[in-house]
Amino acid sequence: MLLILNIIRSICGYVEFKVIGGNPDKFLNLSVKQGHSLWDVRKINGDLLAKSRVEDYKKLHINARKSNSRIRILKKKGLPFFRHKYRSRTGVIIGLTLFLVVLSVLPLYLWKVEVVGCEMVSPEEVKKVMHDLGVSPGTLKSHINIPILKQQIMQRMDSIAWISINLNGSDAIVEIKEKQLKLEKDAEGEPSNIVALYDGRIKRMETYRGTPMVSDGEVVTKGQVLISGIVEDLSGGAEFVDAEGKVYAETHRIITEKVDMNRVRAHNVGEEIKRYRLKILSLEIPICFEKPPDENCICETTEKNLNVFGYKLPISLYKDSIYMQEICSEKLSEDDAAKEADRIIDQRTAQEFGDEVKIKNEERRFGTISPDGEQYQRECHYDLVENIAKKEKLILDD
C-alpha cells in the first residue's frame, strides 16, 4: 500500500520543505487542522522538515506568517517537475517512455534458459533441442506448454530419464536426471584369463578368482597368462571362471616425444578495430557497420550486460576487438625444444600412469636433433611399480 502511495505522489509531484524560526509546532497544528497533506515530518536542529503535495504547499505560506515562520523548499520531486525541467528535450522524454515500455514488455518473454543436473549430456545440447522445439530466449512465455515440451524433449533425448521445467520470472530453469549408463563388462561366469599388459618382474599378486600361474619375483612377458580362468576342483574336474585379480610388477617404460623445431606464429599488428553489437533477447542489432578485414585477423569478443537496480536484463552489448595478424615462422632453440618436449611428456605421464602407478626412478636422456634439423626428440625412461593385469577372454576348443 505504501509503495502505491509513493508512486501516486511521484506522479502528482511533491516538495520537501523546511520551516525556519517562529513557532513550528503552531505551523504544524494549523496545517493539520486545515486538512493539508503532510508526511515524513521531523525536526532537525530546531527546524521542522516535511513533505507536501504541490497544491497544499502553495497554501502553507499563510500558516507560516501566522506562526511567525518562514518556509523554504529543499527539493522538488515528481513527474511535473521532471517534465518542466526537460520540456525542451523531447528526445529524452521519448527515450524514457520507450525504455519504460520496453521494461513493461520484456517480462512477457523468456530471457534465459538455464540447464542443471548435466553430467554426460551437454547443457548446450539440451538448449539446442529446446530451440528446435521453439523455446529459446525471446519466446513468449504464454506460448510455452511445459507438459508437452517435457514430453518432446524426452522423445528426442534418450539419455534423459527425468526432466523438470520451471519458469522463474523470465528465466526457464531446466533440471534433468540422466539415465544410468551400464558400463560394458564381461558377464560374470564368462571364462577369461588375466594376462600381462607389459613385461616386468612380479612384485605382489592379489587373486580374487581363478588360478595363479606365476609367483612373486618371477619375470613375465607381455601377453603371458598370470591368473588362469581354469580352476580344478577337489575331484580333479575343471571349472571355467571369470578370473579376477591385481598383479603388481616392476616395469620399465619409455616415453618418446618429438617436437618440430620450426614454428609458425601469428603476431598482432596495427591498431585495434572495434565493432559493437546490441542483443535484445535473441535479436542482434549491429551498431557499427564497418566491414572487418577478410583474412589474417583475430577477433576477441567481450559482453556487457545491462543491469537495472541490480537485476540483469536480457540486453547485452557486445564488443568485437579485431586485430590484423602477421604470420611469421621462427626456429626453436635446442633449449626451448627440450622444455616443450618435457612439458608434453609431463602431460602424457599424468594421463597414462594414473594414481596407482608408483614411479621408482625417472631418467630424462639428452635429446637428439634430426639430421635435417627439423625435429627434436626426447626420451624419458621410467622404472615403475604398476598393476599389469589385463582381462582376456578364454578361448575354449570345441
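Residues numbered from 1 in each chain as written. Predicted model: local features only at pLDDT ≥ 70, side-chain atom pairs only at ≥ 80, totals over all residues. Heavy atoms only, no water.

1. A closer look at the overall build of the chain
Check the secondary structure of the chain and you find 9 helices and 23 strands. Residues counted as buried form 30% of the 398 residues belonging to the chain. Look at the contacts in the chain between residues 6 or more apart in sequence, and 67% of them connect residues 24 or more apart. For the chain, the computed accessible surface area is about 26,300 Å², with 52% contributed by carbon and sulfur atoms. (Helix = DSSP H or I, 4+ residues; strand = E, 2+ residues; numbered from the N terminus. Buried < 20%, exposed > 50% of the residue type's maximum accessible area, 1.4 Å probe, protein only. Contact = heavy atoms within 4.5 Å. Areas by Shrake-Rupley, 256 points an atom, 1.4 Å probe, with all protein chains shown as cover.)

2. Concerning the packing of aromatic side chains
Enumeration according to the criterion identifies 4 aromatic pairs in this entry. For the pair Phe 17 and Phe 27, a centre-to-centre distance of 6.3 Å together with 75° between the ring planes defines the contact as edge-to-face. Of the two residues, Phe 17 sits in strand 1 (residues 14-20) while Phe 27 sits in helix 2 (residues 24-33), which places them 10 residues apart along the sequence. You'll find Phe 17 and Phe 27 in the same group, each marked buried. Among the aromatic residues, those joined into a ring-pair cluster are Phe 17, Phe 27 and Tyr 57. (Phe/Tyr/Trp six-rings, centres within 6.5 Å; stacked < 30°, edge-to-face > 60°.)

3. Comments concerning a nonpolar patch on the surface
A grouping of Ile 7, Ile 11 and Leu 79 is seen on the molecular surface, where their side chains present a nonpolar patch of about 270 Å² in accessible area. Note on placement: Ile 11 falls in helix 1 (residues 2-12). (Patch = residues over 30% accessible without salt bridge, like charges linked within 9 Å, V, L, I, M, F, W, Y side chains within 5 Å. Salt bridge = Lys/Arg side-chain N within 4 Å of Asp/Glu carboxyl O.)

4. Regarding the pairing of strand 7 (residues 171-178)
Examined bridge by bridge, strand 5 (residues 112-116) and strand 7 share 5 bridges and lie parallel to one another. Residue pairing for strand 7: Val 116 is matched across the bridge by Glu 175. As paired elements, strand 6 (residues 160-168) and strand 7 share 8 bridges and run antiparallel to each other. Each residue of the ladder has a partner; that of Leu 167, found in strand 7, is Ala 172. Linkage of strand 6 to strand 7, two consecutive antiparallel strands, is achieved through a turn of 2 residues, within which Gly 169 is found at a positive phi near 70°. (Pairing = 2+ DSSP bridges.)

5. Quick word on the confidence of the model for the chain
Mean pLDDT over the chain stands at 84; residues scoring 70 or higher make up 90%. When the elements of the chain are averaged for pLDDT, helix 6 (residues 90-105) gives the smallest value, 69, and strand 11 (residues 219-220) the largest, 95. Throughout residues 182-187 the model reports pLDDT below 50, and contacts reaching past four residues in sequence, or to other chains, amount to 3 contacts. (pLDDT = per-residue confidence, 0-100.)

6. As for the pattern of salt bridges
In this structure the tally under the stated criterion is 28 salt bridges. A salt bridge links Glu 250 to Lys 203; the shortest N-O distance between them is 3.5 Å. Of the two residues, Glu 250 sits in strand 15 (residues 244-260) while Lys 203 sits in strand 9 (residues 200-209), which places them 47 residues apart along the sequence. Judged by relative accessible area, Lys 203 falls into the partly exposed class, the value being 47%. In this structure, Arg 263 and Glu 340 form a salt bridge, with 3.9 Å as the shortest nitrogen-oxygen distance. One end of the pair, Arg 263, is in strand 16 (residues 262-280); the other, Glu 340, is in helix 9 (residues 334-353), and 77 residues separate them in sequence. When salt bridges with common partners are traced through the structure, they connect Arg 253, Glu 257, Arg 348, Glu 352 and Glu 386 into a single cluster.

7. Observations regarding the nonpolar core
Val 126, Met 130, Leu 149, Ile 153 and Val 174 are the most contacted members of the largest nonpolar core, which totals 19 residues. Of all the secondary-structure elements, those providing two or more residues to this core are strand 5, helix 7 (123-132), helix 8 (146-156), strand 6 and strand 7. Every residue in contact with Ile 153, bar those within four places of it in the chain, is listed here: Val 129, Met 130, Leu 133, Ile 160, Ile 163 and Ile 165. One finds Val 220, Leu 226, Ala 243 and Ile 388 within the second-largest nonpolar core, a separate group that totals 12 residues. (Core = buried A, V, L, I, M, F, W, Y, C linked by side-chain atoms within 4.5 Å.)

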